[in-house]
Structures are given as structure tokens and as C-alpha cells.
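# Observations on the model geometry
Take a look at the letters that make up each chain.
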Amino acid sequence: MRHADYVAIDAENWSSLRNMVTGSPLHYRHARETADVDTVGRGLGRAMHALALEPETFEQEYPVFTGKKRQGKAWDAFQAANADAVIVNEREYRIATAMAAALRADPIVGPVLFGPDVRYEVEVAWEIMLGGRRRRCAGRIDALGDVVLVDLKALRDGSPNKCQHTIRWSDYHTQAVWYADGCERAGLGYRTPMIAVVENTAPYPCVLYPLGPRAVDYGRSRYLGWLEKLAVAEENNAWHGYAQQPVTFEVPDDEPFALKIDGGELDLDDAAA
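Computed from a prediction, not measured in an experiment: that's the story for all the values here. (Residues numbered from 1 in each chain as written. Predicted model: local features only at pLDDT ≥ 70, side-chain atom pairs only at ≥ 80, totals over all residues. Heavy atoms only, no water.)

### Overview of unusual backbone geometry
Under the convention used in this document: Per the convention used, a helix needs a DSSP run of H or I reaching at least four residues, while a strand needs a run of E reaching at least two, with both numbered from the N terminus. Each residue is placed in one exposure class: buried if its accessible area under a 1.4 Å probe, protein chains only, is under 20% of its type's maximum, exposed if it is over 50%, and partly exposed if it falls in between.
Note the cis peptide between alanine 202 and proline 203, where omega equals 10 degrees. Structurally, the position occupied by proline 203 is in the loop between β6 (192–199) and β7 (206–210). Phi is positive for tyrosine 204, close to 60 degrees, though the residue is something other than glycine. Mapped onto the secondary structure, tyrosine 204 falls in the loop between β6 and β7. Relative accessible area serves as the criterion here: at 16%, tyrosine 204 is assigned to the buried category.

Shown next, in the form of C-alpha cells:
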């Protein structure tokens, strides 16, 4: 099942739900009503997923464009012939292949992500009771084993210091918990959520990030809060943007006003006094 087909499922899914925090109810509704558009960077990540997890699907779903630029008659013809596929060029194919090889070779990530019990691109459907209403949910999990669940990410910087911020800022931990809880609610049993990261530039280092107990609890509270926020928007038919009233802009009192002219500095607060 291609990504566009999956997003169209009549159930709550991560791709739309995450807009409740990164955007607003307005962004959420827009995401539900419009097709998901692939970017070049996103296409590279999906190509890596296919080459690493389902290499047998790559040729059919990820045709490789051998031209130099994504423009001109050759590109238009190739794009028209592969309208339903994610197109990558030769450079992106080489990078995605190297990333997939790095994941398999990594002594920590490899045995977990490619264990004998692991299945890939597993579709799961479940329901959540919220405010007396039953809400249908769905997810497509990158890698699902007997005891672990792995969400695979391709990032510019996978280092632990940077990723502590990236995972939290992008709510990758919330996404992994959403899937793990979905498995449990679907009757498949709870899996330990983990995030596997591979950098998208050479030498393509990999890191495995199992979620700690507080990260799991925090991620769960995040998505449940979004669902409650969504329920309020639906009940009131209130699909507003960022704010429902004017937002005053101000600067802190302890921030001095200074004007620099020809190397000199004038304190505007003193001048005004």
C-alpha cells in the first residue's frame, strides 16, 4: 500500500494528528482533506525505508530517474509515466542504498531492526474511547517484532546530543508510543518502542534510541491531549488557526534599547529619560 492510499484511510492517523501540535485545528483539517505531497528529502527517506525494509518493492514503487535535472522533456515524460510512484534520481538512489547497507551492518541497530521475528510496514487498526465517543485509529509501523517496535528515521544529525532535542521537538517519541499503544489496543500486545536513526550523509552512522519510561508516559500524554483537543474542535466545529484573539507583541523590560552608529552605542532608554 502506497503512502497516499494509507493517509486516505477513514481513521485517525499520525500524519494528520501531529498537526494538532505542529499547527492548529485548521492545519489538521487541511491535512485530512488534501493529498500528502512528497518532497525530494521525504522521497529519499522513503526510498531508504524501501531499500532497507522491503527491497523487493523498490523497483516498482521507486523508479530511478537517470537524467541530470528534474526538468525538461525527459523529466516530464518520466514523471508522467510514473505518476503514482516516488521518483528518485541516481544520486538519491546511491545515498538510500548506502543508508540501508549501514543499517544492516550496524552492530547495535542491525540485530534489532533485522531480527528473525521482525515484520515490516505492518498496518494496525485500533479504537480509543474518548469522552464517550469511540474513535477509530490506524498506523503503519516500520518494524514490528515479538517484543520491540522500531520507528526508522533518516536525519541530518543522528548524534545523541542533537537527537535528544530532535526527537522531542519532532515528537518522534510520541509517534512511537502511538504505534506501541495501538498494537496493545488492537490485541497484538504491547511492544517496547524504539527509534532507529541513520544519518543521510556519509559515513551514515546509525544509533538506536529505546524510549525510557518517562518518555513513554510523556508521549502518551501528548497524543491523548491532541485527541481531546481535536474532539473539542469537532464538537464546536471550530477549525481555527494559531490564535482566536489578537496576540500582543512585547519585549522584556530587562532588554536594553541600544542603537549602534559608526562604532558608537547610544542607550535609547537613557536618551528618552
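Resuming the write-up.
### Some points on the pairing of strand β3 (residues 119–130)
Which entries qualify depends on this criterion: When DSSP finds two or more bridges between a pair of strands, those strands are recorded as paired.
Direction of pairing for β3 relative to strand β4 (residues 133–144): antiparallel, over a ladder of 11 bridges. Across the sheet, valine 124 pairs through a bridge with glycine 139, a residue of β4. Following β3, the chain reverses through 2 residues before pairing antiparallel with β4; glycine 131 in that reversal takes a positive phi of roughly 60 degrees.

### Quick look at the pairing of β4
With 9 of its 12 residues buried, β4 lies for the most part within the structure. Sheet analysis places β4 next to strand β5 (residues 148–155), joined by 2 bridges and oriented antiparallel. The residue bridging leucine 144 from the neighbouring strand is leucine 149, located in β5. Counting the residues in the hairpin turn of β4 and β5 gives 3 residues.

### Let's talk about the packing of helix α11 (residues 172–185) against helix α12 (residues 213–236)
Heads up, the rule is: Axes, fitted as lines to C-alpha atoms, cover a helix only where it is in contact. Angles between the N-to-C directions of the axes lie from 0 to 180 degrees. Working rule for angles: under 35 degrees goes down as roughly parallel, over 145 as roughly antiparallel, 65 to 115 as roughly perpendicular, anything else as oblique. Contacts are assigned to residue pairs with any non-hydrogen atoms lying within 4.5 Å of each other. Amino acid classes used here: Ala, Val, Leu, Ile, Met, Phe, Trp, Tyr, Cys and Pro are nonpolar; Asp, Glu, Lys and Arg are charged; the rest, including Gly, are polar.
Packing of α11 against α12 leaves a shortest axis separation of 8 Å and a crossing angle of 85 degrees. Accordingly, the angle class assigned to the pair α11 and α12 is roughly perpendicular. Taking contact as the criterion, the partners of His173, Thr174, Val177, Trp178, Asp181 and Arg185 in α11 are, on α12, Ala215, Val216, Tyr218, Gly219, Arg220, Arg222, Tyr223, Trp226 and Leu227. For the contact of α11 with α12, the per-class residue count stands at 8 nonpolar, 3 polar and 4 charged.

### Section: the sheet that holds β3
The strand order β3-β4-β5-β6-β7 describes an open sheet built from 5 strands, whose pairing is mixed. At either end of the open sheet lies a strand with only one pairing partner, and these are β3 and β7. In this sheet, neighbouring strand axes are inclined to one another by 35 degrees on average, regardless of whether the strands run parallel or antiparallel. Note that β5 and β6 share 8 bridges and pair parallel.

### As for the side chain of arginine 191
Applicable threshold: The charge count treats Lys and Arg as positive and Asp and Glu as negative. His and the chain ends do not count. Salt bridges are identified by distance alone: a Lys or Arg side-chain nitrogen within 4 Å of an Asp or Glu carboxyl oxygen. For this analysis, a polar contact is any N or O atom pair within 3.5 Å, provided that within protein one partner can donate a hydrogen and the other can accept it, and provided that sequence-adjacent residues contribute only side-chain to side-chain pairs.
By the element assignment, arginine 191 lies in the loop between α11 and β6. The charged side chain of arginine 191 is buried without a salt bridge, its nearest counter-charge being aspartate 146 at 4.9 Å. Here glycine 145 takes part through its backbone oxygen, which lies 2.7 Å from a polar atom of the side chain of arginine 191. Within the structure, arginine 191 has its side chain in polar contact with the backbone oxygen of leucine 188 (distance 2.4 Å). Contacts of arginine 191, omitting those with residues within four sequence positions, involve Leu144, Gly145, Asp146, Val147, Val148, Leu149 and Ala180.

### Remarks on the packing of aromatic side chains
Applied cut-off: The rule is short: rings of Phe, Tyr and Trp, with Trp giving its six-membered ring, pair when the centres are within 6.5 Å, and they are stacked under 30 degrees, edge-to-face over 60, tilted in between.
What the rule picks out here adds up to 9 aromatic pairs. Between phenylalanine 65 and tryptophan 75 the ring centres are 5.1 Å apart and the planes differ by 70 degrees, which places this aromatic pair in the edge-to-face class. In this pair, phenylalanine 65 sits in strand β1 (residues 64–65) while tryptophan 75 sits in helix α7 (residues 73–81), placing the two residues 10 residues apart along the sequence. Across the pair, exposure class does not vary: phenylalanine 65 and tryptophan 75 are buried alike. With 5.1 Å between their ring centres and 65 degrees between their planes, tryptophan 126 and tryptophan 178 make a pair best called edge-to-face. With tryptophan 126 in strand β3 and tryptophan 178 in helix α11, this pair connects stretches of sequence that are 52 residues apart.

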